[in-house]
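# Summary of structural features
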Amino acid sequence: MAPQLGAEFPGLGIASVTLDGGPGKSPEDVRRRLRDLSDRFYGSHAIHLRERPVPWAYRVFFRQIGLDPDRTRTPIEQLALERLQDGAFKSRGLPNDALSIAIVETGVALRAFDGDQVGRLCIRDTGPGESLPEEGGELAQGTLVIADERGPIGRLFGERTDWSGIERLSRRVTVAAVQVNGVPQIAVDEALWIAAELIDPPADS
Amino acid sequence: MSDLLVKGTPLPLTVDGDERLARAELRRQIGRLEYQLSRLVAEAFPRLEIDSGVAAVAVEPRALGLGELELVRDRLAGRIADAREALASRDELETANRELRDDMLAKPADHKWLRISRADVGEPGCGHWHSRPRFGVLGMLMGWWRVKISSGCPL
């Protein structure tokens with residue numbers, strides 16, 4: 001975390017875990033878990049979601065960084081919307097399904113990158129002339145991004161549009177959790193643990 | 001007296017202050033207002049759809065300045081005021097409809113053909129109360145009116 005951002009946004013942080021596992025069709029137990037989650041999630045849940053502490057914390061943070069969470073949706077609210085529109089949490093393969101399950105279970109914002117293409121992740125604001133991978137234009141100075149040692153790799157909460165590096169041949173996945181003020185550490189740990197267990201299940205499971 | 005005058009010399013007013021503290025306070029206010037708005041949205045559901053959208057002040061995510069944070073706070077406060085007004089109007093309308101329904105139940109002939117749904121009185125479900133003549137045209141000619149209560153949502 002860049003120090004000036006840490007001072008400006010106490011509680012903001014990023015935690016990540018790199019796992020063995022590439023993209024592909026989700027195994028049956030993951031798809032069943034998605035179906036079970038769909039059965040437990042109704043329209044009224046979506047409405048009352050924003051009153052729960054963790055989803056509320058992300059809505060507040062979106063407001064604080066200039067985004068409207070009713071237009072640029074928080075990860076949990078985006079999934080809730082898709083659940084209502086599609087009638088279920090649709091399987092989109094791994095690692096997406098693992099992230100969806102962990103996000104719905106905990107409310108924590110997660111995103112995935114190709115583990116072999118990213119280094120140590122941090123959150124910082126951009127300097128002049130910086131751009132994102134596979135994007136031509138420069139980012140406006142001061143844009144909040146997730147970055148590694150080489151430079152920005154994605155806008156903060158830009159998971160729906162930005163590069164992830166994950167391709168058919170990817171063999172490792174880095175799952176990153178963005179923590180904001182009001183999101184307890186235990187929720188972040190649980191989100192990463194759920195995602196890790198589904199992407200790279202323990203040998204004895 | 002001279003001692004008092006020296007001690008009383010005003011210090012220069014610090015106008016810049018620590019803006020970070022002001023921004024932190026604005027962020028706290030935004031959090032509180034967001035919670036109030038979320039409560040109102042949830043309270044209104046499903047009777048009333050409240051627009052909780054507050055126009056984004058930035059194209060990309062970034063640390064907002066004091067003026068921008070004030071703008072977000074003021075827009076949120078405006079949304080909350082609109083939401084409270086809309087909810088109060090809705091409550092008034094539903095109260096009036098409930099009174100009308102009770103009057104219709106007591107005197108069906110005074111409210112011929114009037115139909116009030118559960119949604120009109122702020123109740124869940126699809127049923128309605130309908131003032132209709134008993135025995136069709138005969139009842140209409142004879143003034144035999146009654147309130148028919150529908151059973152609920154169609155399958």
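For clarity, every value in this text was computed on a predicted model and none was experimentally measured.

A separate point is the overall build of chain B. A tally of helices and strands in chain B yields 4 helices and 3 strands. Start at the N end of chain B and walk to the C end: the helices and strands fall as α-α-α-β-β-α-β. Per-residue burial over chain B gives 19% buried out of 155 residues. Within chain B, contacts between residues at least 6 apart in sequence are counted, and of these 50% link residues at least 24 apart.

Turning our attention to the overall build of chain A. A count of helices and strands for chain A gives 7 helices and 6 strands. Along its sequence from the N terminus, chain A presents helices and strands in the succession α-β-α-α-α-α-α-β-β-β-β-β-α. Its C-alpha atoms give chain A a radius of gyration of 17 Å, within 12% of the compact-globule value 17 Å for 205 residues. Along the three orthogonal principal directions, the C-alpha set of chain A runs to about 45 × 40 × 30 Å. Residues counted as buried form 46% of the 205 residues belonging to chain A.

As a further point, take the pairing of strand E2 (residues 109–114) of chain A. All names here are of chain A. Of all 6 residues in E2, 6 are buried, a share of seventy percent or more. Of the two faces of E2, the one holding Ala109, Arg111 and Phe113 and the one holding Leu110, Ala112 and Asp114 are both buried throughout. Here E2 runs beside strand E6 (residues 172–179); their pairing, made up of 6 bridges, is antiparallel. Each bridged residue has a counterpart across the sheet, and for Asp114 the counterpart in E6 is Val173.

Our next topic: the domain arrangement of chain B. What the domain assignment lists for chain B is domain 1 (19–95) and domain 2 (107–155). The distance between the C-alpha centroids of domain 1 of chain B and domain 2 of chain B comes to 40 Å.

With 25 residues of chain B in contact, the opposing surface of chain A contributes 27 residues. Among the secondary structure elements, those contributing two or more residues to the side of chain B that touches chain A are helix H2 (19–44) and helix H3 (66–106) of chain B. Element by element, the count of residues in the side of chain B that touches chain A is highest for H2(B), at 10 residues.

This brings us to the confidence of the model for chain B. Caution applies to low-pLDDT regions: their predicted coordinates should not be interpreted in detail. Counting all residues, the mean pLDDT for chain B is 86, and 88% of those residues have values of 70 or more. Quick note on the complex model: pTM equals 0.86, ipTM equals 0.89.

Another aspect to go through is helix H7 (residues 185–199) of chain A. Residues and elements named next belong to chain A. With 15 residues, H7 ought to run about 21 Å at 1.5 Å a step, and its terminal C-alpha atoms sit 21 Å apart, in line with that. Those residues of H7 that sit buried are Val188, Ala191, Leu192, Ile194, Ala195, Leu198 and Ile199. When H7 is viewed along its axis, its buried side chains cluster within an angular range of 160° and face the same direction. The outward face of H7, more than 90 degrees from its buried face, is lined by the exposed residues Gln185 and Ile186. On its buried face, H7 is in contact with strand E1 (13–20), helix H2 (28–39), helix H6 (96–106), E2 and E6.

Let us look at the environment of Gly127(A). Residues and elements named next belong to chain A. Within the element layout of this structure, Gly127 appears in the loop between strand E3 (122–125) and strand E4 (144–148). C-beta crowding within 10 Å serves as the criterion here: with 12 such atoms nearby, Gly127 is assigned to the exposed category. Distance in space between the C-alpha atoms of Gly127 and Pro152 is 9.9 Å, their sequence separation being 25 residues.

The next point concerns the pairing of strand E2 (residues 128–133) of chain B. Side-chain positions along a regular strand alternate between the two faces of the sheet. As defined by bridge partners, strand E1 (residues 115–117) of chain B adjoins E2(B) across 3 bridges and the pair is classed as antiparallel. By the bridge assignment, Ser117(B) is partnered in E2(B) with His128(B).

Take the sheet that holds strand E3 (residues 145–149) of chain B next. Residues and elements named next belong to chain B. Spatially, E1-E2-E3 is the arrangement adopted by the 3 strands of the open sheet, whose pairing is antiparallel. Two strands close off the open sheet at either side, each with one partner strand: E1 and E3. Neighbour to neighbour, the strand axes of the sheet diverge by 20° on average, direction disregarded. In this sheet, E3 lies alongside E2 in antiparallel orientation, the contact comprising 5 bridges. Residue pairing for E3: His130 is matched across the bridge by Lys148.

The next subject is the environment of Thr74(A). Residues and elements named next belong to chain A. Inspection of the secondary structure puts Thr74 in the loop between helix H4 (53–64) and helix H5 (75–86). For Thr74 and Leu84, which are 10 residues apart along the polypeptide, the C-alpha to C-alpha distance reads 15 Å. Excluding anything up to four places from it in sequence, Thr74 contacts Pro55, Tyr58, Arg59, Phe62, Pro69 and Ala109.

How each quantity is defined
- Residues numbered from 1 in each chain as written.
- Chains lettered and ligands numbered in written order.
- Predicted model: local features only at pLDDT ≥ 70, side-chain atom pairs only at ≥ 80, totals over all residues.
- Helix = DSSP H or I, 4+ residues; strand = E, 2+ residues; numbered from the N terminus.
- Buried ≥ 20, exposed ≤ 12 C-beta atoms within 10 Å, placed from the backbone.
- Contact = placed C-beta atoms within 7 Å.
- Rg over C-alpha atoms; globule rule 2.2 N^0.38 Å.
- Pairing = 2+ DSSP bridges.
- Domains from an automatic or database assignment.
- pLDDT = per-residue confidence, 0-100.
- Expected span 1.5 Å × (residues − 1).
- Arc of directions from axis to C-beta.
- Axes fitted to C-alpha atoms, helices over the stretch in contact; angles between N-to-C directions.

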